[in-house]
Amino acid sequence: MAKSFLTHIKDKFGDGNYEGDEYGGAAGHDGSGLPTGNPGNFMFATGIECSYPTIANGTIRRDLLAETDHYTRYKEDLGLVKELGLKVLRYNLPYYLIHKAPGHFDWEFADKAMAEIQRLGITPILDLMHFGVPDWIGNFQNPELPVHFAEYCGAVAKRYPWVRFYTPVNEIYVTARASAKDGIWNEQLKDDRAFITAMKHITAASIMGNQQIARYRPDCIIVQSESAEYIHEMRAVESDAVRLTNKLRFLSLDLLYAHSLDAEVLLYCLDNGMTRQELDWFMAGEPPGYQIMGNDYYGRNERIIKPNGEWCAAEDVLGWYTMTRQYYERYRKPVFHTETNTFNVKDAECWLWKQWVNVQRIRQDGVPVVGFTWYSLLDQLDWDISLAEKRLSVNACGLYDLDRRIRPVGESYKMMIQEFGQITIMPHGEVFEFTSRPATLKVEK
């Protein structure tokens, strides 16, 4: 009988966890209007699109860093981040290229890119798994994945001890669904049991990776980027399938944050291969470090399904505000708007400002939002078909095009950063800034 992922984890790491603290930071301004890099500043960010799933039954590797020429133009691209006035960057070290075998790593590109990031004074949020795994691991059905990935995370944290922010696994739910339920990437399965298997392995990988990061950086900040989604079914009576799907969007974060599962979701998990022992392992407690809940929102994440089965993008029916409020009230974590864009160039500037209005409004209503991201720095390729085929069709959703020319939305983002760059993570947080030395009182004699 094949070993479960729990057996592999216990064989390698035992049952230990690593403790963390609560999230915090001081506020600060320098009078320019731009971000200072002080930990109290609200974190305006972008990201460099880096997906690398396999398609065509594992015969084609999509690597957006290669397809957008980032590997040869990384210094230029990182310079564009500085040109925008940004201090924070969601950045991926390509797992499938670096981790060559157990205990063996190729750091050549990573070292060069990380040295340039450090030289420029950019704060990276290191994304360590983005929709794919090394060929020797296979896919997300492999129960050894959490052990191998944890080794990789520990190696990264040890090699770059100056890095504090991490996203161990990008969009766990999307990774599992696209790979094992929708049949698009990697194992390309369309099966409930395969979906739950992938979900278990990927979430366990994130937890174990987080624990290894915390060994080398106990004060690590984990920004868990996850897709905020919802289906509006235009039928008088909601179908069982859509009701369950709208509940399953929480499953990855429920397992990650040890949140009790909905009864219907619990039965679905148990019916499709999750054991009581595995569930107990997930429910044992949260991973270490400071946990920030990242919500990715695109207008196409929200869908309307018509009675005939056709669908259209709902966009702002709920919007980022309402959907994020649902997630926040469930998990009570600080929030980061970790991804947004639109494929319509004409709408991009308006979409940017609409997302920012959502962020401002929810902050005013008491939800602690610590950052905002336009994703991505450059135009993307084939995301209109979810990377299912290698057509190399350009999606004009970047702050810059693939010739590295700034788009109008990039100019608007510059304007936003100039205007709001020094707001604090907590509104009016500058009140709580303390100097390192107390003021002395001069007494006249």
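Each chain has its residues counted from 1, following the order in which its sequence is written. Local features in this predicted model are restricted to residues whose pLDDT is 70 or higher, and side-chain atom pairs enter the listing and the counts only when it is 80 or higher, whereas totals over whole chains, interfaces and linings include all residues. In computing side-chain values, all of the structure's heavy atoms are included and hydrogens and water are not.

By the naming in an unreviewed UniProt entry, the protein is Glycosyl hydrolase family protein, taken from Hymenobacter wooponensis.

Asker: Help me out: how do you make sense of the environment of D11 in this one?
Answerer: Within the secondary structure, D11 sits in helix α1 (residues 5-13). Per-residue accessibility, obtained with a 1.4 Å probe over protein chains only, is compared with the maximum for each type, and a residue is labelled buried under 20%, exposed over 50%, and partly exposed between these values. Among the residues examined, D11 registers a relative accessible area of 53% and is labelled exposed. Sequence separation of D11 and V147 is 136 residues, and the distance between their C-alpha atoms is 9.2 Å. Strands are runs of DSSP state E lasting at least two residues, helices are runs of H or I lasting at least four, and both sets are numbered from the N terminus onward.

Asker: Mind showing me how you'd approach the packing of aromatic side chains here?
Answerer: In this description, a pair of aromatic rings is defined by centroid distance and the angle of the planes. The rule is short: rings of Phe, Tyr and Trp, with Trp giving its six-membered ring, pair when the centres are within 6.5 Å, and they are stacked under 30 degrees, edge-to-face over 60, tilted in between. Counted according to the given criterion, the structure contains 25 aromatic pairs. Taking 5.8 Å as the distance between ring centres and 80° as the angle between the ring planes, the aromatic pair formed by F5 and W281 counts as edge-to-face. Of the two residues, F5 is situated in helix α1 and W281 in helix α12 (residues 276-282); the sequence distance between them amounts to 276 residues. On the basis of relative accessible area, F5 is assigned to the buried category, the value being 1%. An angle of 35° between the planes, with centres 5.3 Å apart, marks the rings of Y52 and Y96 as tilted. With Y52 in the loop between β1 (43-47) and β2 (54-55) and Y96 in helix α4 (residues 95-98), this pair connects stretches of sequence that are 44 residues apart.

Asker: Whenever I open this one, the layout of surface pockets confuses me. Can you help?
Answerer: As a volume, the largest pocket reaches approximately 1,100 Å³. For each structure, a 1 Å grid was placed over the protein atoms alone; sets of points admitting a 1.4 Å probe that cannot get out are labelled cavities, open sets with protein on both sides within 12 Å along at least five of seven lines are labelled pockets, and lining residues have an atom within 4 Å of a point. Considering the residues around the largest pocket, the lining is formed by 43 residues, among which R177, D182, E229, R303 and S386 are closest to the centre. Only α7 (172-180), α8 (192-216), β10 (230-233), α9 (240-248) and β12 (302-305) provide two or more residues apiece to the lining of the largest pocket. Sorting elements by how many residues they give to the lining of the largest pocket places α9 first, with five residues. In terms of residue class, the lining of the largest pocket is built from 20 nonpolar, 11 polar and 12 charged. Grid points are joined across faces, edges and corners, and a volume is the space filled by probe spheres set on the points. Amino acids outside the nonpolar list (Ala, Val, Leu, Ile, Met, Phe, Trp, Tyr, Cys, Pro) and the charged list (Asp, Glu, Lys, Arg) are all regarded as polar, and Gly is one of them.

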